[in-house]
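Single-letter residue listing:
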Amino acid sequence: MGISAYLFGRRERSEQKEIRKAPERDHSRTLARFRAVLAILAALLMFAPPVAFTQPERTFVINSTGDQSDPNVGTATDDGVCDVDLGTAGEQCTLRAAMENAIQTTRNAKFRFELLLTIPIKIVNGPLPSLLGVVTIDGALLFGARVFIDGSGAGPNANGLEVRGANSVVRN
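The model shown is predicted, which means the values in this text are computed figures rather than measured ones.

**Description of a nonpolar patch on the surface**
And step 1. On the surface, a cluster of nonpolar side chains totalling about 660 Å² of accessible area is made up of Leu116, Leu117, Ile119, Leu142 and Phe143.
And step 2. Inspection of the secondary structure assignment puts Leu116 in the loop between strand 2 (108-113) and strand 3 (121-122).
And step 3. A relative accessible area of 79% means that Leu116 is categorised as exposed.

Written out as structure tokens, the structure is:
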């Protein structure tokens, strides 16, 4: 072999190795196995129990007729408790605070009122937030009393109570 052939990687015909092609494989067995595995997976998915992608229901007890927000809802110090007055013992939960907590923590919320009298809940701090998901609002009070929400102070063109979830219930 000459020096130029050595430098440029050329080989003489006598030095060339015979390049063998890989034998052609029959892919029909591999394809049949793949189809069998795919059929088994499809059968498992069809007969598997349904997976619920819903969040657990959370009940909020509204025991205050005010219109305050929960001061720590949606913040780093959010405790998940509906309480508008952190300095007073117990939970003081307004309708607005309960709705804000529901938006932050669940999409399946139930609102129950524990008020002693039929005193209107006056909405004065702007429109209430819209609720998404499955919502149940039970406005029945003790002794047949009813909850009354006065949204006249929510501002012009404000929607009152806006529930956008399917299968939601509002009863009074």
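**Thoughts on the packing of aromatic side chains**
What describes a pair of aromatic rings is the distance from one ring centre to the other and the angle between the planes of the rings.
And step 1. Enumeration over the complete set of coordinates arrives at 1 aromatic pair.
And step 2. Considering the side-chain rings of Phe60 and Phe111, the 5.6 Å spacing of their centres and the 20 degrees angle between planes classify their relative orientation as stacked. Linking Phe60 in strand 1 (residues 58-62) with Phe111 in strand 2, this pair joins segments that are 51 residues apart in sequence.
And step 3. What makes Phe111 buried here is its relative accessible area of 0%.

**Here's the deal with helix 3 (residues 95-105)**
And step 1. Among the 11 residues that make up helix 3, 8 are buried, leaving the element largely enclosed by the rest of the structure.
And step 2. When helix 3 is considered as a whole, its buried residues turn out to be Leu95, Arg96, Ala97, Ala98, Met99, Glu100, Asn101 and Ala102.
And step 3. Packing partners of the buried residues in helix 3 comprise strand 1, strand 2 and strand 5 (149-150).

**With respect to the side chain of Asp67**
And step 1. Along the chain, Asp67 falls in the loop between strand 1 and helix 3.
And step 2. A polar side-chain atom of Asp67 sits 2.7 Å from the main-chain amide nitrogen of Asn125.
And step 3. Among residues more than four places away in sequence, those in contact with Asp67 are Thr94, Arg96, Lys122, Ile123, Val124, Asn125 and Leu128.

**Some thoughts on the environment of Leu95**
And step 1. By secondary structure assignment, the location of Leu95 is in helix 3.
And step 2. A relative accessible area of 2% means that Leu95 is categorised as buried.
And step 3. Between the C-alpha atoms of Leu95 and Lys122, which are 27 residues apart in sequence, the distance is 9.9 Å.
And step 4. Dropping the residues within four chain positions of it, Leu95 is found in contact with Ile62, Ser64, Phe113, Leu128 and Ile149.

**A look at the sheet that holds strand 2**
Sheets are built from strands that pair by backbone hydrogen bonding, the pairs being arranged parallel or antiparallel.
And step 1. Strand order across the open sheet formed by 4 strands is 1-2-4-6, with parallel pairing between neighbours. Of all the strands in the sheet, the pair left with one neighbour each is strand 1 and strand 6 (169-171). For this sheet, the mean inter-axis angle between neighbouring strands, taken without regard to orientation, is 10 degrees.
And step 2. As paired elements, strand 2 and strand 4 (residues 134-138) share 5 bridges and run parallel to each other. Within strand 4, the residue paired with Phe111 across the bridge is Ile137.

**Considerations on the pattern of salt bridges**
Between side chains of opposite charge, a pair can form as their charged atoms come close.
And step 1. All chains considered together, the criterion is met by 4 salt bridges.
And step 2. Asp67 is the salt-bridge partner of Arg96, the closest N and O atoms lying 2.9 Å from each other. Separated by 29 residues along the polypeptide, Arg96 in helix 3 and Asp67 in the loop between strand 1 and helix 3 bring together distant segments of the chain.
And step 3. The exposure class of Arg96 is buried, given its relative accessible area of 5%.
And step 4. Where Arg164 meets Glu162, a salt bridge forms, and the shortest distance between an N and an O atom there is 2.9 Å.

About the cut-offs
- Residues numbered from 1 in each chain as written.
- Predicted model: local features only at pLDDT ≥ 70, side-chain atom pairs only at ≥ 80, totals over all residues.
- Heavy atoms only, no water.
- Patch = residues over 30% accessible without salt bridge, like charges linked within 9 Å, V, L, I, M, F, W, Y side chains within 5 Å.
- Areas by Shrake-Rupley, 256 points an atom, 1.4 Å probe, with all protein chains shown as cover.
- Salt bridge = Lys/Arg side-chain N within 4 Å of Asp/Glu carboxyl O.
- Helix = DSSP H or I, 4+ residues; strand = E, 2+ residues; numbered from the N terminus.
- Buried < 20%, exposed > 50% of the residue type's maximum accessible area, 1.4 Å probe, protein only.
- Phe/Tyr/Trp six-rings, centres within 6.5 Å; stacked < 30°, edge-to-face > 60°.
- Contact = heavy atoms within 4.5 Å.
- Polar contact = N/O pair within 3.5 Å; in protein donor to acceptor, adjacent residues only side chain to side chain.
- Pairing = 2+ DSSP bridges.
- Axes fitted to C-alpha atoms, helices over the stretch in contact; angles between N-to-C directions.

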